[in-house]
Amino acid sequence: AQSVTQLDSHVSVSEGTPVLLRCNYSSSYSPSLFWYVQHPNKGLQLLLKYTSAATLVKGINGFEAEFKKSETSFHLTKPSAHMSDAAEYFCVVSDRMDTGRRALTFGSGTRLQVQP
Amino acid sequence: DAGVIQSPRHEVTEMGQEVTLRCKPISGHDYLFWYRQTMMRGLELLIYFNNNVPIDDSGMPEDRFSAKMPNASFSTLKIQPSEPRDSAVYFCASSFARSGRSGDTQYFGPGTRLTVL
């Protein structure tokens, strides 16, 4: 069975400082991993995804994430936070189940606050 | 492309009434997913379709919930009768699966905010 754990439910940073949102996963197979962002009262937007190519993945709006198999982690980072980054972020793992059916598991989300 | 389209965006109804949520996936996508988001339970997958056929409905909470996909461009999620605990945001998402690959990107609609009084 696959699972994903977002280690922080809330993260608060000052504008212009680095962002780190942590995510650990477990999976029986070689998973695909995603980060989605959800702004208030909006749908989910894909930030970036990892699908067994380069371990360092660059996404939109200056975000990137590094896949570390030995640590089963896929942490999201950004060098300098912007006020518009304030949102909820979801780490997602996608895996092919034993039956071959598609499954997508969402983390519980991390709410990012950016202070002026 | 207009993206995934959901309607209505907001729905307020009274307990016991039937509610129908609608979704139009991105043209050409062969997977369609229905999710529910609440503060208590986060994002939950309810059901998904592949080529209009329901594949996994194990997330559907109970018999009051039903979903259909009569064609590749339209799906409905129906709740009958509705209850206050069904209040949530319901998202539809679609994806295009390439043969032999898992983890294809899902594109989400803006959601329908359902309030059952």
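Check the entry above for the structure.
Residues numbered from 1 in each chain as written. Chains lettered and ligands numbered in written order. Predicted model: local features only at pLDDT ≥ 70, side-chain atom pairs only at ≥ 80, totals over all residues. Heavy atoms only, no water.

**Student:** Even after reading the chapter, I still don't get the state of the cysteines, so can you show me in this structure?
**Tutor:** Linking two cysteines covalently through their sulfur atoms gives a disulfide. Scanning the model with the defined rule gives two disulfides over all chains in all. Disulfide partner of A:Cys23: A:Cys91, at an S-S distance of 2.0 Å. An S-S torsion of about -65 degrees defines the bridge between A:Cys23 and A:Cys91 as left-handed. Pair noted here: A:Cys23 is in strand E4 (residues 23-26) and A:Cys91 is in strand E10 (residues 87-96), with a separation of 68 residues, a long-range link. Looking at A:Cys91, the relative accessible area reads 0%, which means it is buried. Two residues share a disulfide in this structure: B:Cys23 and B:Cys92, whose sulfurs sit 1.8 Å from each other. Its S-S torsion of about -70 degrees marks the bond between B:Cys23 and B:Cys92 as left-handed, since a negative value means left-handed. You can see B:Cys23 sitting in strand E3 (residues 19-24) and its partner B:Cys92 sitting in strand E9 (residues 88-95), a full 69 residues away along the chain. (Disulfide = S-S within 2.5 Å. Helix = DSSP H or I, 4+ residues; strand = E, 2+ residues; numbered from the N terminus. Buried < 20%, exposed > 50% of the residue type's maximum accessible area, 1.4 Å probe, protein only.)

**Student:** Is there a simple way to think about the sheet that holds E3(B) in this case?
**Tutor:** Residues and elements named next belong to chain B. The four strands are arranged E1-E3-E8-E7 in an open sheet whose pairing can be described as antiparallel. The sheet is open, and its two edges are formed by strand E1 (5-7) and strand E7 (65-71), each paired on a single side. Each strand of the sheet is rotated relative to its neighbour by a mean of 15 degrees, with strand direction disregarded. Inspection of the sheet shows E1 paired to E3 by three bridges, in the antiparallel sense. What sits directly across from serine 7, in E3, is arginine 22. (Pairing = 2+ DSSP bridges. Axes fitted to C-alpha atoms, helices over the stretch in contact; angles between N-to-C directions.)

**Student:** Could you clarify how one ought to interpret the pairing of E7(B) in this entry?
**Tutor:** Within a regular strand, the side chains alternate between the two sheet faces. Residues and elements named next belong to chain B. Examined bridge by bridge, E7 and strand E8 (residues 74-79) share five bridges and lie antiparallel to one another. Considered in E8, the bridge of lysine 68 is made with threonine 76. Linking E7 back to E8 in an antiparallel pair, the connection comprises two residues.

**Student:** What should I look at first to understand the environment of B:Pro8 in this one?
**Tutor:** Residues and elements named next belong to chain B. By the element assignment, proline 8 lies in the loop between E1 and strand E2 (10-13). Relative accessible area serves as the criterion here: at 22%, proline 8 is assigned to the partly exposed category. Sequence spacing of proline 8 and serine 87 is 79 residues, and the spatial spacing of their C-alpha atoms is 14 Å. Among all residues touching proline 8, those that are not within four sequence positions of it are Thr20, Gly111 and Thr112. (Contact = heavy atoms within 4.5 Å.)

**Student:** Can you walk me through the nonpolar core in this structure?
**Tutor:** Inside soluble globular proteins, nonpolar side chains tend to come together where they are buried. Ranked by internal contacts, the top residues of the largest apolar core, which has 26 residues, are A:Trp35, A:Leu48, A:Phe74, A:Leu76 and A:Tyr89. Of all hydrophobic cores here, the second largest spans 21 residues; its members include B:Leu32, B:Trp34, B:Phe49 and B:Phe65. (Core = buried A, V, L, I, M, F, W, Y, C linked by side-chain atoms within 4.5 Å.)

**Student:** Is there a simple way to explain the packing of aromatic side chains in this structure?
**Tutor:** Here a ring pair, both rings aromatic, is described through the centre-centre distance and the interplanar angle of the planes. For the structure shown, the criterion picks out 16 aromatic pairs over all chains. Plain terms: the ring middles of A:Phe63 and A:Tyr89 are 5.5 Å apart, the flat faces sit at 45 degrees to each other, and that makes the pair tilted. Of this pair, A:Phe63 sits in the loop between strand E7 (56-58) and strand E8 (64-68) while A:Tyr89 is found in strand E10, placing the two residues 26 residues apart along the sequence. Taking 5.4 Å as the distance between ring centres and 80 degrees as the angle between the ring planes, the aromatic pair formed by A:Phe106 and B:Tyr35 counts as edge-to-face. Residue A:Phe106 is found in strand E11 (residues 102-106), and its partner B:Tyr35 is found in strand E4 (residues 31-38); the two belong to separate chains. With a relative accessible area of 12%, A:Phe106 lands in the buried category. (Phe/Tyr/Trp six-rings, centres within 6.5 Å; stacked < 30°, edge-to-face > 60°.)

Note that all results are geometric; they support no functional claim without further evidence.
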